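Observations on the three-dimensional arrangement
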Amino acid sequence: MYATTLTTPDGPFSILAGAATDPPGPAGGPAQEAVLAGGWTDDVDSLLALVHPTLRLDTSPGRFTRPSAPDGVLAEAADAVRAYYDGDHGAPGRVPVRQASGPFRTHAWDVLREVKAGERLTYSEYAARAGRPAAVRAAAGACAMNAAALFVPCHRILRTDGTLGGFRYGLPIKESLLARESGSAK
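Report on the accompanying structure. Predicted, not measured: the structure shown is a model, and the values here were computed from it. (Residues numbered from 1 in each chain as written. Predicted model: local features only at pLDDT ≥ 70, side-chain atom pairs only at ≥ 80, totals over all residues. Heavy atoms only, no water.)

1. A word on the overall build of the protein chain
Applicable threshold: The numbering of helices and of strands both runs from the N terminus, where a helix is a DSSP run of H or I of at least 4 residues and a strand a run of E of at least 2. Relative accessibility decides the category of a residue: with a 1.4 Å probe and only protein chains considered, values under 20% of the type maximum give buried, values over 50% give exposed, and everything between is partly exposed. Contacts were defined at the residue level, with two residues in contact if any of their heavy atoms lie within 4.5 Å. Note that accessible areas follow from Shrake-Rupley with a 1.4 Å probe, and for residues the cover is restricted to the protein chains shown.
The secondary structure content of the protein chain amounts to six helices and five strands. Along the protein chain, helices and strands appear, N-terminal first, in the series β-β-β-α-α-α-β-α-α-β-α. Among the 186 residues that make up the protein chain, the fraction classed as buried is 48%. For the protein chain, contacts bridging at least 24 residues in sequence account for 61% of all contacts bridging at least 6. Surface exposure of the protein chain reaches about 8700 Å², of which carbon and sulfur atoms provide 52%.

Here you go:
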């Protein structure tokens, strides 16, 4: 796994990327590189703890490399974060991401990636979009367990009454992201 930390207007943002071990790549080949976790912290071990064990090549904390010049998907992800803060709010959605969980949560994360910048959904609307309108708590759980913040934009999901709800990295960052995206086309 590879890690990098960037400075953003919302504080340090770290990214963990690598070739995930499950599922294998095309035709049984090696797994493809993808973002495994990302968030507003400089504590990369805390991000590693969010990565599903089946996706880790080495489960020991601190078992990652910080290249002086990121390349591959790590560079692509870092460029996407910079582009996001420069106004291209769709850039993180173009970076490959891999997370693992049960079928609904995995599908719900894919659905989150389709929520465009400037669009806000309630947990109820998100559950419906994920194909299970009655699964509001499960949809909220998908947001809570999302390891790849910004790349899987759980910050765009609000409580049914329109209030912010929770966010792993704090409500001020969620509020900042939504304000930054408020001018984006829906």
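2. Some thoughts on the pattern of salt bridges
Side chains carrying opposite charge are able to pair once their charged atoms draw close together. Basically, it comes down to this: Salt bridges are identified by distance alone: a Lys or Arg side-chain nitrogen within 4 Å of an Asp or Glu carboxyl oxygen.
Tallied over the entire structure, the rule returns five salt bridges. Here Arg82 and Asp79 are joined by a salt bridge, their closest N and O atoms 3.0 Å apart. Within this pair, Arg82 and its partner Asp79 are both found in helix H2 (residues 72–85), separated by three residues, close to a single helical turn. The class for Arg82 is partly exposed, based on a relative accessible area of 43%.

3. Observations concerning the side chain of Thr122
Relative to the assigned elements, Thr122 resides in strand E4 (residues 121–122). When neighbours within four sequence positions are excluded, Thr122 is seen to be in contact with Ile157, Leu158, Arg159 and Thr160.

4. As for the side chain of Lys174
Condition: When charges are counted, neither His nor the chain ends are considered; positive counts come from Lys and Arg and negative counts from Asp and Glu. The term polar contact refers here to a pair of N or O atoms within 3.5 Å; inside protein, the definition further demands a hydrogen-donor-capable atom paired with an acceptor-capable atom, and it admits residues adjacent in sequence only when both atoms are side-chain atoms.
Looking at where Lys174 falls in the secondary structure, it is placed in helix H6 (residues 171–181). In this structure Lys174 is buried but unpaired, with Asp161 as the nearest side chain of opposite charge at 9.9 Å. Among the polar contacts made by the side chain of Lys174, one reaches the main-chain carbonyl oxygen of Ile157 at a distance of 2.8 Å. Setting aside anything within four residues of it in sequence, one finds Lys174 in contact with Tyr123, His155, Ile157, Leu158, Leu164, Gly166 and Phe167.

5. Let's talk about the pairing of strand E1 (residues 2–8)
Where we set the bar: We call two strands paired when DSSP finds no fewer than two bridges between them.
Relative to strand E2 (residues 11–19), E1 runs antiparallel, the two sharing seven bridges. The residue of E2 that forms the bridge with Leu6 is Phe13. Once E1 ends, the chain turns through two residues before running back antiparallel as E2.

6. Description of the pairing of strand E3 (residues 33–39)
For E3, a buried count of six out of seven residues is recorded, marking the element as mostly surrounded by other parts of the structure. Strand direction decides the pairing type here: E2 and E3, joined by six bridges, are antiparallel. Bridge assignment links Ser14 to a residue of E3, and that residue is Gly39.

7. As for the packing of aromatic side chains
Aromatic ring pairs are reported here in terms of the distance separating the ring centres and the angle at which the planes meet. We count it as follows: Between rings of Phe, Tyr and Trp, where Trp is taken as its six-membered ring, a pair exists when centres lie within 6.5 Å; planes separated by under 30 degrees are stacked, by over 60 edge-to-face, and by other angles tilted.
This model, assessed by the stated rule, comprises six aromatic pairs. On the numbers, 6.1 Å between centres and 55 degrees between planes, the contact of Phe13 with Phe151 is tilted. Of this pair, Phe13 sits in strand E2 while Phe151 is found in the loop between helix H5 (136–144) and strand E5 (157–158), placing the two residues 138 residues apart along the sequence. A residue is classified by how much of its surface remains accessible, and Phe151, at 0% relative accessible area, is buried. When the ring of Trp40 is compared with that of Phe167, the centres are 6.0 Å apart and the planes differ by 55 degrees; the resulting orientation is tilted.

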